[in-house]
Amino acid sequence: MAKARTTFLIRLYRAATWLATPFIGLLLARRVKRGKEDPARLRERYGRASAARPRGPLVWLHGASVGEMIAVLPLVDRLRARGFQVLFTSGTLTSARLARTRLPPDVPHQFVPLDSPLFLRRFLRHWRPDLVLLVESELWPNLIVEVNARGTPLVLVNARMSPKSFASWQRIGGSVAALLSRVDLCLAQGPDDGERLKQLGAPRVAVTGNLKFDAPPPPVDLAAFDALRTASAGREVFVAASTHPGEEEIIIEAHQRLAKELPDLLTIIAPRHPERGRAVVELATEANCPAVLRSDGYLPDRGTSLYIADTIGELGLFYRLGPVALLGGSLARKGGQNPIEPIKLDTAILHGPHVTNFSEIYSRLDAEGGALAVTDARSLAANAFMLLADTASRQRMIAAGQATIESFGGALDRTLAAIDPYLVQIRLERH
């Protein structure tokens, strides 16, 4: 790809990140204190590799966090099946923990370098990727500029551009257009995402669909599942997944309403950020609801009303256990959480009104009877009771949800077809 123009804002950003390089240690030290970084792997943030580059053609896949990693795991498998090595990078501790259990042993995981020209050049010299795939909305200026400078093809896969992000990028329209001109291809999740990317200046856009619809359900530790199923035997189980501050109070009140009709009810609350687990226990204690933390090694007994699941990578376990779930981030204004995994695991879905991150999916689910919207503790309790008590209604909702999700499938094959010319070219250049 030809070198693209560099606007004043891009030059200013690159200069600022060069000048900030000596002070990065202070930033990382603060992040370590806040539990946002792994102190044993800080060198990766400077672009210093902690693993050897695999031999052969290498595809670098980068996704910010857990959701992006899960979405592209099938793509990782397909690339490896075609003889390509894969490097996966991400930026969060939760994704790094998930990488240990979900990535194949021969796929190295690294923390993505901070967006500094120096760190990225060091990173690229070591790994020498033949193709770079950025997942969803990772538009880091230095990363894009440095990859482009090496002549390495760069593709946005599963690309998403929310209305909020679109409005923000429009304020620097010329600069984002200059960045997107360095991207060989943008593979958008949906028509709206594709149109926004075009309006921002992306020259090559195709709509391939959302890879998350083709991702398999998360695996489960069978021993952990059997232990929790035994501990909760004979009780109705309701799950509140990926909750945010302000939502747990609503969930606790809904639990108290539900418990009047279902006295043996066990409500599992899985905070979006597990480190908030103890704060949720404090809320439960204030409401006189006995609660225990999973990270303390407890299983719920008959005296446990709320089970606070402050662990990583176990949502599949809780969805398999609870037939009804509220997906968090939707009662608070956080844009909602992805409903695909719980629906695939035979869970009936409730959600709040704030689902802008997945508006198309939820709109279809609601219209076709595959999910129900709630607004407060009263409506949450009423709808959860209906679904827990009425097996036939619950099964109809699950079936409708699964049919809706299936209709969105096919993104994996379309994505592979779109990047196939790059894979073929890499093969030709190496022979």
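The structure we're discussing is the one just above.
Keep in mind it's a predicted model, so treat the numbers as computed, not measured.

Analysis parameters
Residues numbered from 1 in each chain as written. Predicted model: local features only at pLDDT ≥ 70, side-chain atom pairs only at ≥ 80, totals over all residues. Heavy atoms only, no water. Helix = DSSP H or I, 4+ residues; strand = E, 2+ residues; numbered from the N terminus. Rg over C-alpha atoms; globule rule 2.2 N^0.38 Å. Buried < 20%, exposed > 50% of the residue type's maximum accessible area, 1.4 Å probe, protein only. Contact = heavy atoms within 4.5 Å. Axes fitted to C-alpha atoms, helices over the stretch in contact; angles between N-to-C directions. Parallel < 35°, antiparallel > 145°, perpendicular 65-115°, else oblique. Nonpolar A, V, L, I, M, F, W, Y, C, P; charged D, E, K, R; others polar. Phe/Tyr/Trp six-rings, centres within 6.5 Å; stacked < 30°, edge-to-face > 60°. Lys NZ or Arg CZ within 6 Å of the ring centre and 35° of its normal. Patch = residues over 30% accessible without salt bridge, like charges linked within 9 Å, V, L, I, M, F, W, Y side chains within 5 Å. Areas by Shrake-Rupley, 256 points an atom, 1.4 Å probe, with all protein chains shown as cover. Salt bridge = Lys/Arg side-chain N within 4 Å of Asp/Glu carboxyl O. Pairing = 2+ DSSP bridges.

Requested: an account of the overall build of the protein chain, with residues and values cited.
The helix and strand inventory of the protein chain stands at 19 helices and 14 strands. Against the globule reference of 22 Å for 431 residues, the protein chain gives a C-alpha radius of gyration of 23 Å, in line with a compact fold. Here the C-alpha coordinates of the protein chain stretch approximately 65 × 45 × 40 Å along the principal axes. The buried share of the protein chain, reckoned over its 431 residues, is 55%. Summarising the internal contacts of the protein chain: among those between residues at least 6 apart in sequence, 69% fall at separations of at least 24.

Before we move on, can you summarise the packing of helix H4 (residues 66-81) against helix H5 (residues 93-102) with the specific residues and values?
Where H4 meets H5, the axes come as close as 9 Å, and the angle between the chain directions of the two elements is 25°. Relative to H5, the element H4 lies roughly parallel. Contact with H4, carried on its side by Val66, Met69, Ile70 and Leu73, involves Thr94, Ser95, Leu98, Ala99 and Arg102 of H5 and no other residues of that element. A breakdown of the residues in the contact of H4 with H5 according to their chemical character gives six nonpolar, two polar and one charged.

Outline the packing of aromatic side chains, listing residues and values.
For the structure shown, the criterion picks out four aromatic pairs. Aromatic side chains Tyr46 and Phe119 sit 5.2 Å apart centroid to centroid with 75° between the ring planes, which places their arrangement in the edge-to-face category. With Tyr46 in the loop between helix H3 (42-45) and strand E1 (58-62) and Phe119 in helix H6 (residues 117-127), this residue pair connects regions lying 73 residues apart in the sequence. Considered together, Tyr46 and Phe119 belong to a single accessibility category, that of buried residues. Measuring from centroid to centroid gives 6.4 Å for Phe123 and Trp127, while their planes differ by 45°, and the two rings are tilted. Taken together, the positions of Phe123 and Trp127, both in helix H6 and four residues apart, correspond to about one turn of that helix. The same class applies to Phe123 and to Trp127, which are both buried. Pairwise contacts between aromatic rings join Trp60, Phe123 and Trp127 into one cluster. One Lys or Arg, Arg427, reaches over the ring of Phe84 and ends 4.6 Å from the middle of that ring.

Got a sec to walk through a nonpolar patch on the surface? Specific residues and values, please.
Nonpolar side chains collect at one region of the surface, where Phe8, Leu9, Leu12 and Ile172 lie side by side and expose about 370 Å² of accessible area between them. Along the chain, Leu12 turns up in helix H1 (residues 8-20).

Run through unusual backbone geometry, naming residues and quoting values.
Positioned with a positive phi, Asn158 is a non-glycine residue whose angle comes to about 55°. Positive phi, normally seen in glycine, also occurs at Asp346, with a value near 65°. Relative to the elements of secondary structure, Asp346 occurs in the loop between helix H15 (340-344) and strand E13 (348-351).

For the sheet that holds strand E14 (residues 372-373), give the residues involved together with the corresponding values.
Judged by pairing direction, the sheet is parallel, and its seven strands sit side by side in the order E10-E11-E9-E8-E12-E13-E14 without closing on themselves. The sheet is open, and its two borders are formed by strand E10 (291-293) and E14, each paired with just one other strand. Relative to strand E9 (residues 266-271), strand E8 (residues 237-243) is paired through six bridges, and the arrangement is parallel. Note on E9: the bridge partner recorded for Val237 is Leu266.

Give a description of the pairing of strand E12 (residues 324-327) that names residues and reports values.
Residues of E12 alternate between two faces, with Val324 and Leu326 on one and Ala325 and Leu327 on the opposite face, all of them buried. When E8 meets E12, the two strands line up parallel, connected through four bridges. Counted as the bridge partner of Val239 is Ala325 from E12. Bridge count between E12 and E13: four bridges; the pairing is parallel. Paired with Leu326 across the two strands is Leu350, which belongs to E13.

Explain the sheet that holds strand E3 (residues 109-111) to me, and be specific about the residues and the numbers.
Here seven strands make up an open sheet; going across it, the order is E3-E2-E1-E4-E5-E6-E7 and the pairing parallel. At either end of the open sheet lies a strand with only one pairing partner, and these are E3 and strand E7 (205-207). Each strand of the sheet is rotated relative to its neighbour by a mean of 20°, with strand direction disregarded. The pairing of strand E5 (residues 154-159) with strand E6 (residues 185-188) spans three bridges and is classified as parallel. Residue Leu156 lies in a different strand from E6, and its bridge partner there is Cys186.

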